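Tertiary structure, described
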Amino acid sequence: MKSYARLVCWVVALIIIPGQALVLADKDPEQLMLPTGTMTLSAPPDAEREPALSPVVFPHSLHFAYSCKDCHHEWDGYSEVQSCATSGCHENLWAAPPGTTPLGEKRIKSLAGAYHQTCRDCHREEMKSQKAAGMTRFYTGPIDCDGCHPEPHAEPVHDIEMLPVPTGNLTIAPPEEVDARRAAVEFPHGAHFDYSCQLCHHDWYGEGEVEGCMTEGCHDQFEPDPSTRNIKDPANVYYYLAAYHNTCLPCHRELQQERNAFMDAGITDAEELPAAGPVACIECH
Ligand code: HEC
Ligand code: HEC
Ligand code: HEC
Ligand code: HEC
Ligand code: HEC
Ligand code: HEC
């Protein structure tokens with residue numbers, strides 16, 4: 001059952017303005033097309049130098065345990081995701097030679113520099129922290145040059161499937177069987193992409209469809225267990241209300257506490273206060 005009323009679809013709208021050209025709007029502004037699977041990263045074709053090493057095979061989906069914004073650091077969760085080499089971003093393959101950037105102008109990291117710092121440094125940090133935690137098998141990516149740039153050159157891989165992801169408000173309503181006591185909840189999905197998708201979609205591993213929370217066999221019970229109404233009790237994990245309240249509320253409460261601590265310290269500027277989600281019943285319902 002679809003638990004939110006709005007139809008999420010790939011809208012192809014034809015707008016004909018009298019006397020003008022045909023305008024084809026083929027994008028739903030409230031939907032993002034997420035490439036899942038594996039892609040190959042290579043130097044831009046017009047790079048100032050011929051690439052010396054092999055392009056880099058990158059399993060995008062293996063990285064969705066992180067926040068999208070760990071890599072797409074300029075993304076707001078709603079707009080289109082820009083490619084790293086976009087003009088004004090990491091547009092040069094290599095850093096500009098010293099002395100060529102006018103004083104006071106922002107020095108932008110090169111594409112190779114940005115990739116090496118983002119990719120390799122995280123793989124190294126993961127290795128370190130897993131070692132420190134006493135693990136003997138490491139879940140991390142390549143650290144050595146030839147792990148990413150193999151010799152002989154690896155074949156480029158483009159094994160991508162596009163997954164439509166809603167970025168706007170989702171209306172979360174109780175199952176039909178429930179006589180709702182409260183108004184349905186308007187949930188701004190994209191405002192939550194600072195977190196890993198898997199924090200909420202805990203059974204999704206980066207590929208394939210994302211199942212709704214109340215899918216059969218998941219949180220599909222519409223009444224608490226007869227033994228207890230306590231939503232923290234493990235007997236109630238399949239109770240949809242418990243799943244939602246136990247996921248949404250503790251995070252918002254913790255954020256509210258952080259925010260209160262800032263305010264207690266005399267910080268009131270909205271820009272400086274940490275973001276916080278609603279905690280009062282009426283703010284969600
Ligand atoms: C570990 C880093 C990393 C993480 C985490 C990550 N991505 Fe990416 N993503 C990339 C890289 C690298 C590319 C290729 C960019 C390019 O071609 O310049 C990419 C490409 C994309 C593109 C295609 C952009 C284009 O140029 O058309 C989209 C959309 C995207 N990612 C969305 C997401 C979303 C949403 C998430 C969170 C679920 C996410 N990514 C998580 C690194 C990452
Ligand atoms: C924030 C941390 C982080 C960042 C950033 C990151 N990775 Fe990873 N990467 C990982 C982890 C952790 C794994 C292991 C995932 C697993 O095994 O489930 C991994 C796995 C991989 C693998 C697969 C290794 C294998 O054995 O199959 C490749 C290839 C890889 N990363 C390349 C990249 C590239 C290229 C980038 C930059 C565009 C990048 N990674 C950015 C953490 C990161
Ligand atoms: C975690 C993956 C990763 C590791 C490890 C890594 N690189 Fe890269 N490197 C990249 C990515 C991604 C790019 C940008 C895409 C491209 O140019 O192929 C890149 C680009 C480059 C480039 C510019 C393009 C070219 O082919 O000339 C060079 C040179 C390079 N890397 C050298 C190295 C060397 C030397 C090492 C080891 C000290 C290394 N890299 C380790 C991911 C990695
Ligand atoms: C804070 C929790 C949360 C986070 C984080 C989150 N989502 Fe969701 N997402 C939801 C909820 C709740 C729904 C509505 C589920 C339902 O209808 O049962 C949803 C719906 C979806 C749907 C539509 C599923 C359907 O039923 O068609 C997709 C696709 C999706 N999310 C992907 C993602 C991706 C990709 C990310 C990471 C960029 C992400 N979500 C992050 C909570 C979250
Ligand atoms: C891991 C933390 C986390 C979880 C889990 C979470 N939220 Fe949030 N929520 C946030 C943050 C942070 C914001 C503020 C975002 C911002 O201001 O950009 C927010 C904002 C909101 C807002 C208000 C947006 C606005 O316009 O002011 C609503 C409504 C909301 N969340 C509902 C939910 C619901 C419903 C769930 C469960 C399905 C949920 N949240 C789960 C962190 C979380
Ligand atoms: C962060 C958002 C959020 C807050 C705050 C919140 N809820 Fe909910 N609540 C939900 C979501 C999501 C659902 C599942 C969708 C639905 O049933 O409307 C839900 C479901 C319910 C339901 C079952 C459905 C119904 O309408 O009968 C009740 C009752 C309920 N909440 C009461 C409360 C009460 C009382 C409070 C305050 C103590 C509260 N909620 C605070 C998000 C929230």
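Residues numbered from 1 in each chain as written. Chains lettered and ligands numbered in written order. Predicted model: local features only at pLDDT ≥ 70, side-chain atom pairs only at ≥ 80, totals over all residues.

1. Side note on the overall build of the protein chain
What the protein chain contains, in helices and strands, is 5 helices and 7 strands. Put simply, the protein chain runs from its N terminus to its C terminus through helices and strands in the order β-β-β-β-α-α-β-β-β-α-α-α. For the protein chain, the proportion of its 285 residues judged to be buried stands at 6%. When contacts within the protein chain are restricted to residue pairs at least 6 apart in sequence, those whose partners lie at least 24 apart make up 49%. (Helix = DSSP H or I, 4+ residues; strand = E, 2+ residues; numbered from the N terminus. Buried ≥ 20, exposed ≤ 12 C-beta atoms within 10 Å, placed from the backbone. Contact = placed C-beta atoms within 7 Å.)

2. With respect to the sheet that holds strand β4 (residues 56–59)
In spatial order, the strands read β4-β3-β5; together these 3 strands make up an open sheet with antiparallel pairing. The sheet terminates laterally at β4 and β5 (159–166), the two strands that pair on one side only. In this sheet, adjacent strand axes meet at a mean angle of 30° when their direction is disregarded. Sheet topology places strand β3 (residues 31–41) next to β5; 8 bridges connect them, and they run antiparallel. By the bridge assignment, L34 is partnered in β5 with L163. (Pairing = 2+ DSSP bridges. Axes fitted to C-alpha atoms, helices over the stretch in contact; angles between N-to-C directions.)

3. Quick look at the site of ligand 6
In the vicinity of ligand 6 lie 22 residues, with P174, A180, R182, C281 and C284 positioned nearest. Of all the elements in the fold, those that place two or more residues in the shell around ligand 6 are α4 (240–264) and α5 (281–284). Here the element with the most residues in the shell around ligand 6 is α4; it accounts for 6 residues. For the shell around ligand 6, the residue count by class is 15 nonpolar, 4 polar and 3 charged. (Near = placed C-beta within 6 Å. Nonpolar A, V, L, I, M, F, W, Y, C, P; charged D, E, K, R; others polar.)

4. Considering the confidence of the model for the protein chain
For the protein chain, per-residue confidence averages 87 on the pLDDT scale, and 86% of positions sit at 70 or higher. In this model residues 1–25 is a low-confidence stretch, pLDDT under 50, and it forms 26 contacts with partners more than four residues away in sequence or in other chains. (pLDDT = per-residue confidence, 0-100.)

5. Re the nonpolar core
Residues M214, Y239, Y240, A242, A243 and Y244 constitute the largest nonpolar core, which totals 6 residues. Not counting residues within four places of it along the chain, the set of residues in contact with A242 comprises I231, N236 and V237. (Core = buried A, V, L, I, M, F, W, Y, C linked by C-beta atoms within 7 Å.)

6. Details of the environment of P226
By the element assignment, P226 lies in the loop between α3 (197–200) and α4. Measuring from C-alpha to C-alpha, the distance between P226 and N236 comes to 9.5 Å, with 10 residues separating the pair along the chain.

7. Some thoughts on unusual backbone geometry
At the junction of E151 and P152, the peptide bond is cis and its omega measures out at 0° in the coordinates. Note on placement: P152 falls in the loop between α2 (145–148) and β5.

8. Focus: the environment of N260
Residue position: N260 is located in helix α4. Between the C-alpha atoms of N260 and L273, which are 13 residues apart in sequence, the distance is 9.1 Å.

9. Some words on the site of ligand 5
A191, C248, C251, A275 and G277 are the nearest of the 17 residues found near ligand 5. Contributions of two or more residues to the shell around ligand 5 are made by β7 (185–188) and α4. Here the shell around ligand 5 takes 6 residues from α4, the largest share from any one element. Of the residues assigned to the shell around ligand 5, the class counts are 13 nonpolar, 4 polar and no charged.

10. Description of the environment of S54
Residue placement: S54 occurs in the loop between β3 and β4. Sequence separation of S54 and P152 is 98 residues, and the distance between their C-alpha atoms is 7.9 Å.

11. Things to note about α4
If you check α4, its first and last C-alpha atoms are 36 Å apart, about what 25 residues at 1.5 Å a residue would give, namely 36 Å. Those residues of α4 not exposed but buried are Y240, A242, A243 and Y244. Immediately beyond the C-terminal end of α4, within one or two residues, lies G266, with a positive phi of roughly 90°. (Expected span 1.5 Å × (residues − 1).)

12. Here we look at the pairing of β3
The pairing of β3 with β4 spans 4 bridges and is classified as antiparallel. Within β4, the residue paired with T38 across the bridge is P59.

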